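# Chain and residue survey
Residues per chain are reported as follows:
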Amino acid sequence: MADDKLKLLAGVPLFARCGRKDLEQIGQLTEEIDAAAGKVLMREGEIGQEFFLIVSGKVRIERAGKLLRTLGPGDFTGEIALVQEELRTATATCETDCRLLVIGHREFHSMLDQHPDFRRSVMSALADRVRRLEPEMAE
């Protein structure tokens, strides 16, 4: 598996504690797709079922029609959809032609079920994110 793909996956906080073997397995779950400029990847208010990691191109993130940010190579969106299918909180649209890695909710949960070490790594990463949010919540 290409080291570039593994480096991109390792940069995702949800996978930050995963070892190379787990990253390689995640890489096998990913589908690499091309999306044209203007393609809507996810729409605010719809149920989320996939995660997108940008290999190349730019993706615009909007909430209620207002630009929140623009994502580029190495950035990602939809990680909450991997953990739990919930309503999307924003719309993601390809601003330019993009190459993306996509992971589906079902495939991700299958890996969680089959690989306890991977599950522990993901849960640990989620706990770290919650801990970092707690000081902001206390303000």
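From a predicted model like this one, the values you see are computed outputs, not experimental measurements.

We now examine the side chain of Asp22. Looking at where Asp22 falls in the secondary structure, it is placed in helix α2 (residues 20-29). No salt bridge is formed by the buried Asp22; its nearest oppositely charged neighbour, Lys21, is found at 6.6 Å. Other than its neighbours up to four places away in sequence, Asp22 contacts Met111, Asp117, Phe118 and Ser121.

If you trace the four strands from one edge of the open sheet to the other, you get β1-β8-β3-β6, paired in antiparallel fashion. Edge positions in the sheet fall to β1 (31-35) and β6 (76-77), since each has one partner strand and no second. Two strands pair when backbone bridges link them, and strand β3 (residues 50-56) and β6 are joined in this way by two bridges, in the antiparallel orientation. Looking at the pairing, Leu53 lines up with Phe76 of β6. Running at roughly 125 degrees to β3, helix α1 (residues 3-10) makes contact with β3 and β8 (98-104) of the sheet.

Cut-off values and rules
- Residues numbered from 1 in each chain as written.
- Predicted model: local features only at pLDDT ≥ 70, side-chain atom pairs only at ≥ 80, totals over all residues.
- Heavy atoms only, no water.
- Helix = DSSP H or I, 4+ residues; strand = E, 2+ residues; numbered from the N terminus.
- Buried < 20%, exposed > 50% of the residue type's maximum accessible area, 1.4 Å probe, protein only.
- Lys, Arg positive; Asp, Glu negative; His and termini not counted.
- Salt bridge = Lys/Arg side-chain N within 4 Å of Asp/Glu carboxyl O.
- Contact = heavy atoms within 4.5 Å.
- Pairing = 2+ DSSP bridges.
- Axes fitted to C-alpha atoms, helices over the stretch in contact; angles between N-to-C directions.

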